[in-house]
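Overview (structure and organization)
Next come the chains, spelled out residue by residue.
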Amino acid sequence: MKVTFPHMGNSWIIIQALFESLGVEFVVPPFNSKQTLNIGTKLAPESACLPLKLNLGNYVEAAAQGADTVAITGGSGPCRFGYYGESERQILKDAGLNYDVVILELPEGRLLGLVERIHYLVGKKNSWASVIRAVYFAYRKSLAMDRIEVLIHGFRPRAQNPNEANQLYEEAKRRLVLAMTDEGVQGVVRWLQARIREKQAEHPESLAIQPLKIGLVGEIYTLLEPFTSCDVEKELGNLGTYVDRSIYLSGWVGQHLFQGLAQGYRPLKPYYHLAKPYLKHFVGGHGIETVGSAVHYARQGYDGIIQLLPLGCMPEIVASSILPRIQEDYNLPIMTLTFDEHTGQGGIQTRLEAFVDLLERSRDKKEETNRGGLIRA
């Protein structure tokens, strides 16, 4: 058995840690690219959403490296992600790739069921205790990965040039991949913190910068996978804005795979309460999280919100119909960006620049109004 999995942002680092800890032979697919998307688009139904097309491309590219088993998480409710496992199994079979597809979800809500499926992947040579330890270590590594991303989000708009942040980010990820102990994982976070402090000490004036704050909300795959979103996080940071997103990997794992037994870097549960005045029932996917996190960012004084979603994503379409109410209630600009295989980097960049310009003018106007009020007082 040689296991592969679909890409979703930096999740490959965490999955690799799990399989390495347990001695499982695995294949990390090539990172998402135009080639990956072209392969998946040819295999998938025309109406399929973008993540499914990229998943299929990942599997085909991994098969060329000898992969014969797919590990994929599951889902439930009115979101097509819940059907990915079985749909992809059949599509791959029709394409002549007889993959064994293992869906990592909680059968009938049983955490033990998830552990059983992981145990099937890793084989009888690993004890239950070793599987649980490996899962927990991978989870702790996901916490560190999220912390690294947040540190970069804070540093990027204050960096002297974009390459500084990019280089630190890539080096931190490289170090995290190699770290296979708790001390090593935490050491990577401390290393990045120290390097950022050094950079800021070289240019102390950067600490006085008060960048615009933009919250990213939406469907998890589009939020986490930079190829899908045309690297919105980095592009916004390069435009001088501080970016935060509503969902981080460890928070999603804690809520959906561990059923709330672990909270993750950014717990999702508080969003449910915040969403209730606007959306009182489950709509699938991350629709409730999108609405609740938009309220969260509005209350935290963010300057704007951007919703990211793949074309045809039903839960996010429901959420996007509600966001204008939040925009009106909090007087907060909200923009929605939809992605499919035809989306171009240039068009997204233009819209981001226009949105940031809007926010800058809005903030300048507020500051002028406040100064005028102080003078009149």
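To keep things clear, this report deals only with the structure shown in the data block. These numbers were taken from a predicted model, which means no experiment stands behind them. (Residues numbered from 1 in each chain as written. Predicted model: local features only at pLDDT ≥ 70, side-chain atom pairs only at ≥ 80, totals over all residues. Heavy atoms only, no water.)

**Some remarks on the overall build of the protein chain**
Across its full length, the protein chain carries 15 helices and 7 strands. Taking 21 Å as the expected radius of gyration for a compact globule of 377 residues, we find that the protein chain reaches 21 Å, a close match to that expectation. Each of the three principal axes of the protein chain carries a C-alpha extent, and together these read 75 × 45 × 40 Å. By the burial criterion, 53% of the 377 residues in the protein chain qualify as buried. (Helix = DSSP H or I, 4+ residues; strand = E, 2+ residues; numbered from the N terminus. Rg over C-alpha atoms; globule rule 2.2 N^0.38 Å. Buried < 20%, exposed > 50% of the residue type's maximum accessible area, 1.4 Å probe, protein only.)

**Concerning the layout of surface pockets**
Counted as a void, the second largest pocket has a volume near 650 Å³. Residue lining of the second largest pocket: 32 residues in total, with N10, Y169, K173, P226 and D231 positioned closest to the centre. Of the residues forming the lining of the second largest pocket, the biggest block, 6 residues, is contributed by helix α7 (residues 162-178). A breakdown of the residues in the lining of the second largest pocket according to their chemical character gives 13 nonpolar, 8 polar and 11 charged. (1 Å grid on protein atoms, 1.4 Å probe; cavity = no way out; pocket = protein on both sides within 12 Å on 5 of 7 lines; lining within 4 Å. Points joined across faces, edges and corners; volume = space filled by probe spheres on them. Nonpolar A, V, L, I, M, F, W, Y, C, P; charged D, E, K, R; others polar.)

**Re the side chain of E235**
Inspection of the secondary structure assignment puts E235 in helix α10 (residues 232-238). K234 provides the closest opposite charge to the buried, salt-bridge-free E235, at an N-O distance of 5.4 Å. Apart from the residues lying within four places of it in its own chain, the contact partners of E235 are C230, Q345, Q349 and L352. (Lys, Arg positive; Asp, Glu negative; His and termini not counted. Salt bridge = Lys/Arg side-chain N within 4 Å of Asp/Glu carboxyl O. Contact = heavy atoms within 4.5 Å.)

**Section: the side chain of T228**
Checked against the element boundaries, T228 lands in the loop between α9 (220-224) and α10. Judged by relative accessible area, T228 falls into the buried class, the value being 4%. Contacts of T228, omitting those with residues within four sequence positions, involve L50, L54, Y221, T222 and F339.

**Details of the pairing of strand β6 (residues 304-310)**
The buried count for β6 comes to 7 of 7 residues, which makes it a mostly enclosed element. Of the two faces of β6, both are covered, the one formed by G304, I306, L308 and P310 as well as the one formed by I305, Q307 and L309. Bridge count for strand β4 (residues 212-218) against β6 is 5 bridges, and the pairing is parallel. Paired with G215 across the two strands is I305, which belongs to β6. Note: β6 against strand β7 (residues 334-339), 6 bridges, orientation parallel. Each residue of the ladder has a partner; that of I306, found in β7, is M335. (Pairing = 2+ DSSP bridges.)

**Comments concerning the packing of helix α2 (residues 34-43) against helix α3 (residues 50-63)**
Here α2 crosses α3 at 105 degrees, and the two axes come no closer than 7 Å. Here α2 lies roughly perpendicular to α3, going by the angle between them. Counted together, Q35, T36, L37, I39, G40, T41 and L43 of α2 and L50, K53, L54, L56, G57, N58, V60 and E61 of α3 form the full contact between these two elements. (Axes fitted to C-alpha atoms, helices over the stretch in contact; angles between N-to-C directions. Parallel < 35°, antiparallel > 145°, perpendicular 65-115°, else oblique.)

**Notes on the sheet that holds strand β3 (residues 100-104)**
Overall, parallel pairing links the 3 strands, which are arranged β1-β2-β3 in an open sheet. Each edge of the sheet is formed by a strand with only one pairing partner; in this case those strands are β1 (3-4) and β3. With 2 bridges connecting them, β1 and strand β2 (residues 69-73) associate as parallel partners. Note that in β2 the partner of T4 across the bridge is V70. Docked against the sheet, helix α4 (residues 84-94) engages β2 and β3, running at close to 170 degrees with respect to β3.

**Considerations on a negative patch on the surface**
A contiguous patch of negative charge on the surface is contributed by E360, D364, E367 and E368. The residue D364 is located in helix α15 (residues 345-376) in this model. Accessibility expressed as a relative area gives 39% for D364, which makes it partly exposed. (Patch = residues over 30% accessible without salt bridge, like charges linked within 9 Å, V, L, I, M, F, W, Y side chains within 5 Å. Areas by Shrake-Rupley, 256 points an atom, 1.4 Å probe, with all protein chains shown as cover. Charge placed at Lys NZ, Arg CZ, Asp CG, Glu CD.)

**Notes on the packing of aromatic side chains**
Per the counting criterion, the structure on display carries 6 aromatic pairs. For the ring pair W12 and F31, a centre distance of 5.5 Å and an interplane angle of 70 degrees mean the geometry is edge-to-face. With W12 in helix α1 (residues 11-21) and F31 in the loop between α1 and α2, this pair connects stretches of sequence that are 19 residues apart. The exposure class assigned to W12 is buried, which follows from its relative accessible area of 15%. Here F31 falls in the exposed class, since its relative accessible area comes to 51%. Note on Y136 and Y139: the rings are 6.5 Å apart at their centroids and 15 degrees apart in plane angle, and the pair reads as stacked. Linking Y136 with Y139, this pair stays in helix α6 (residues 128-155), spanning 3 residues, or about one helical turn. Y136 sits in the partly exposed class, given a relative accessible area of 47%. Here the basic side chain of R175 rests over the ring of W191, its NZ or CZ set 4.2 Å away from the ring centre. (Phe/Tyr/Trp six-rings, centres within 6.5 Å; stacked < 30°, edge-to-face > 60°. Lys NZ or Arg CZ within 6 Å of the ring centre and 35° of its normal.)

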